[in-house]
Every structure is written in structure tokens, then in C-alpha cells.
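# Structure at a glance
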Amino acid sequence: MAQADTIESRFIFKQKTASALNFISDGEGQTLGFSKTDEGNNIIYTKDLEGIDVAIEHYPDGTKVFHMEKDSKGLPAMHEFKPDGTEYIYLFDSKKRLEKMVEMKTNGDKVTTWFSVRGESIRQEQRQQGGILFSMESKGNKATVWLRIDGSIESSGYPQLIAHLKMVFSKFLDGLEL
């Protein structure tokens, strides 16, 4: 689950906030904090309209990452905007472990990945061309189910994982023979 660990380590509110923050305040009590990561990224700390802490990280390449202490569900989240227009949403559990990642590509494709604490990952890739690809990885085993645009289906990989994918994505695969 190295990808999840890497993303979790980037989450500002999982790290200890640098003690060398510089703050400015206006006459209405609004406060902004400024710091820099070890990699040289600039970070602005503020609060949203509901008073929730937000850290906005600016990368040299133009990437912006919004780190939210709490989202609308009360859980930590990150939203990343890449210079090429690709967006990523990272949703964490109450212990700040990555639960879900959504990638929205500029061509309209959407990839959603769910992570479990057991190290498993399940992925749904909705393609503008080519259909929907479902995949799972668990303990070194892999499986893929491809639902083509014409309604045909193809699967490969570990049989127990294929069965799990069929159960998890039953609304897409109901009645189809694998």
C-alpha cells in the first residue's frame, strides 16, 4: 500500500505544523499563516467560512493542493489541482488514513480507488472510450473485469478477486457471465 502511504505522508494535518510559521492578521481578526516545506513548497494556513483549518500548498510546477482538516462529512481531505488540468481528491478516515482517491483526467476519464487497512485496493476506471475497468489487488493477487461499451465483458486474474469485484460492482455487472 505504498501509494496510500505516500499520499498520507503529504497530508499537512497529519504532520506536525512547522513552528516557524509567520502570521498576519487583519482588523477583523482574519489570520493567515505562512510556511515552507522542506521541498520548498509554499503553504498558506487559513480558515474557511465555517472556521475549519485549511492549508493551501503551492508547488513550483504550479500544482496547488488544498489540505482540509475536515470536509463536509467532518473527515480530513485533500484536493489537488495539477497544471495540466487533472484533479485529485483524497479522502481520509478519522485516523487520517487514505480511504479513497478520485482522479479526474482532462479527457473526461475518472478513476476511483478505494484502499483498505488490510492493504487491499479496488479500482473503478470509467473511460470516455473503452467502457469501465474494475480491478482489485490483494496480497499480491490481482484481478481485472472489463465492461466494454458494447456490453461484452472480459475478466482475468485471481478467481476469488473476480468474484469479489462482481459483488462490489453488482449494479454494473448484474446478470453478466464472467
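Residues numbered from 1 in each chain as written. Predicted model: local features only at pLDDT ≥ 70, side-chain atom pairs only at ≥ 80, totals over all residues. Heavy atoms only, no water.

Bringing the environment of Leu133 into the picture now. Residue position: Leu133 is located in strand 11 (residues 131-138). Sequence spacing of Leu133 and Val54 is 79 residues, and the spatial spacing of their C-alpha atoms is 34 Å. Among all residues touching Leu133, those that are not within four sequence positions of it are Arg123, Gln124, Glu125, Arg127, Thr144, Val145 and Trp146. (Helix = DSSP H or I, 4+ residues; strand = E, 2+ residues; numbered from the N terminus. Contact = heavy atoms within 4.5 Å.)

Inspection of the secondary structure puts Glu50 in the loop between strand 3 (42-47) and strand 4 (53-58). Distance in space between the C-alpha atoms of Glu50 and Trp114 is 28 Å, their sequence separation being 64 residues.

What follows concerns the packing of aromatic side chains. Counted by the stated rule, this structure contains six aromatic pairs. Judged by centre distance (5.9 Å) and plane angle (90 degrees), the rings of Phe66 and Phe81 are edge-to-face. Of this pair, Phe66 sits in strand 5 (residues 64-68) while Phe81 sits in strand 6 (residues 77-81); the two residues are 15 residues apart in sequence, bridging distant segments of the chain. Residue Phe66 is classed as partly exposed on the basis of its relative accessible area of 28%. (Phe/Tyr/Trp six-rings, centres within 6.5 Å; stacked < 30°, edge-to-face > 60°. Buried < 20%, exposed > 50% of the residue type's maximum accessible area, 1.4 Å probe, protein only.)

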